[in-house]
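# Secondary and tertiary structure notes
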Amino acid sequence: RPVPVIAIDGPTASGKGTVAAHLAQALGFHYLDSGVMYRATALLAQRQGIALDDEAALAALARHLPIRCEGGTVWLGPENASDAIRTEAVGQAASTLSALPAVRRALLDLQRSLRRAPGLVADGRDMGTVVFPDARLKVFLTADAQARAERRHKQLISKGISTTLTQVLHELEQRDARDTQRSVAALKPAQDALPLNTSALDVDQTVHQVLQWWRQRS
Ligand code: C5P
């Protein structure tokens, strides 16, 4: 049997990352945060002055991304880039360049190469639709924009980044619109994905539900 994959897709700040990391921990699986790869590409593009519509240059950058993820740390070459890739500007740039087909293709092999025994929990936008269409379990996490904005706002404040809830909500809606309306790998649930709205659930409750689904399938 192929190495099992659990695909967790959903919009920004739906709790995917936290839930996927907890799941991986609970099951002893590897964890792929695919957004990190788009963010790392965006960060390097920003630093090297590559325009966000220069598809060939961005794809070349993505194909040779010197990235390594260890626990919660993201290394770009020798640099710990964990914080640098998390800024709002890098997130918006990642969302823009992730609409380019050549960039997505360039990151495909890298993402698939992380599928290793005993299993992988993969989080992103197209894990269940494009990258791992044969995933054994696919979950599509959603939450109301207001609930997601409140979570993201709390997160930013706790990191000492000053911003308002209104500003966060506005940026979130912009990113949602871009991610769902693009013509390539638009954010949409796989046909066989199980939807889970987490607006009223905390992390433990969400993880519990997904683990229950997983046990029914393994
Ligand atoms: O999930 P995260 O916010 O880190 O992702 C940053 C951006 O990268 C998203 O807004 C999305 O446009 C893009 N992305 C993607 N496909 C993925 C993961 C992220 O297009 N699998």
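Fair warning: this is a prediction, and the values are worked out from it, not measured in the lab.

### Overview of the site of the ligand
With respect to spatial proximity, 17 residues lie near the ligand, and among them Arg 39, Arg 104, Arg 175, Asp 179 and Arg 182 are the closest. One of the side-chain nitrogen or oxygen atoms of Asp 179 is found 2.7 Å away from an oxygen atom of the ligand. Relative to its unbound accessible area of 450 Å², the ligand is 96% covered by the protein chains. For the shell around the ligand, the secondary-structure elements that each account for two or more residues are helix 2 (34-48), helix 4 (88-97) and helix 8 (165-181). By residue number, the principal contributor to the shell around the ligand is helix 2, which donates four residues. Counted by class, the shell around the ligand contains three nonpolar, five polar and nine charged residues.

### Brief notes about the packing of helix 4 against helix 8
Axis separation between helix 4 and helix 8 bottoms out at 10 Å; the angle between their running directions is 15 degrees. The angle between the axes of helix 4 and helix 8 places the two elements in the roughly parallel class. Here helix 4 runs over helix 8; the crossing is left-handed. For the pair helix 4 and helix 8, the contacting residues are Glu 88, Gly 91, Gln 92, Ser 95 and Thr 96 in the first and Glu 171, Gln 174, Arg 175, Arg 178 and Asp 179 in the second. Looking at the contact of helix 4 with helix 8, its residues break down into no nonpolar, five polar and five charged.

### Observations concerning the sheet that holds strand 2 (residues 30-33)
Within the open sheet, the five strands sit side by side as 2-6-1-7-8. Their pairing is parallel. Looking at the sheet topology across the chains shown, the edges are occupied by strand 2 and strand 8 (194-197). Strand-to-strand twist of the sheet, defined as the mean angle between neighbouring strand axes without regard to direction, takes the value 20 degrees. Here strand 1 (residues 5-9) pairs with strand 7 (residues 137-142) via four bridges, running parallel. Bridge pairing links Ile 8 to Val 139 in strand 7.

### Concerning the side chain of Ser 95
By secondary structure assignment, the location of Ser 95 is in helix 4. Owing to a relative accessible area of 4%, Ser 95 belongs among the buried residues under this scheme. Separated by 3.3 Å, the side chains of Ser 95 and Asp 179 make a polar contact. In this structure Ser 95 touches Arg 175, Arg 178, Asp 179 and Arg 182, once residues within four positions along its chain are discounted.

### A look at the confidence of the model for the protein
When pLDDT is low, close inspection of the predicted coordinates is not appropriate. The share of residues in the protein with pLDDT of 70 or more is 100%, and the mean pLDDT across the chain is 94. What the predictor reports for the complex is a pTM of 0.92 with an ipTM of 0.96.

### Focus: the pairing of strand 3 (residues 67-70)
Looking along a regular strand, one sees side chains alternate from face to face of the sheet. In this sheet, strand 4 (residues 73-76) lies alongside strand 3 in antiparallel orientation, the contact comprising four bridges. The partner of Glu 70 across the bridge, within strand 4, is Thr 73. Between strand 3 and strand 4, which pair antiparallel and follow one another directly, the connecting turn spans two residues, one of which, Gly 71, has a positive phi of 55 degrees.

### What to know about the sheet that holds strand 4
Strand pairing in a sheet takes place through backbone hydrogen bonds and is either antiparallel or parallel in direction. Spatial ordering of the open sheet is given by 3-4-5, a layout of three strands whose pairing is antiparallel. Edge positions in the open sheet fall to strand 3 and strand 5 (79-80), since each of these has one partner strand only. Pairing geometry for strand 4 and strand 5, over two bridges, is antiparallel. Within strand 5, the position partnered with Trp 75 by the bridge is Asn 80.

### Notes on helix 9 (residues 203-217)
The terminal C-alpha atoms of helix 9, which comprises 15 residues, lie 21 Å apart, in line with the 21 Å expected from a rise of 1.5 Å per residue. Along helix 9, the residues that are buried comprise Thr 206, Val 207, Val 210, Leu 211, Trp 213 and Trp 214. For helix 9, the angular spread of buried residues about the axis comes to 160 degrees, placing them on one side. In helix 9, the exposed positions angled more than 90 degrees off the buried face are occupied by Asp 204, His 208, Arg 215 and Gln 216. Tucked into the core, helix 9 has its buried residues touching strand 1, helix 1 (16-27), strand 7 and strand 8.

Calculation criteria
Residues numbered from 1 in each chain as written. Predicted model: local features only at pLDDT ≥ 70, side-chain atom pairs only at ≥ 80, totals over all residues. Heavy atoms only, no water. Near = heavy atom within 4 Å. Polar contact = N/O pair within 3.5 Å; in protein donor to acceptor, adjacent residues only side chain to side chain. Areas by Shrake-Rupley, 256 points an atom, 1.4 Å probe, with all protein chains shown as cover. Helix = DSSP H or I, 4+ residues; strand = E, 2+ residues; numbered from the N terminus. Nonpolar A, V, L, I, M, F, W, Y, C, P; charged D, E, K, R; others polar. Axes fitted to C-alpha atoms, helices over the stretch in contact; angles between N-to-C directions. Parallel < 35°, antiparallel > 145°, perpendicular 65-115°, else oblique. Left-handed = near helix turned anticlockwise from the far one by under 90°. Contact = heavy atoms within 4.5 Å. Pairing = 2+ DSSP bridges. Buried < 20%, exposed > 50% of the residue type's maximum accessible area, 1.4 Å probe, protein only. pLDDT = per-residue confidence, 0-100. Expected span 1.5 Å × (residues − 1). Arc of directions from axis to C-beta.

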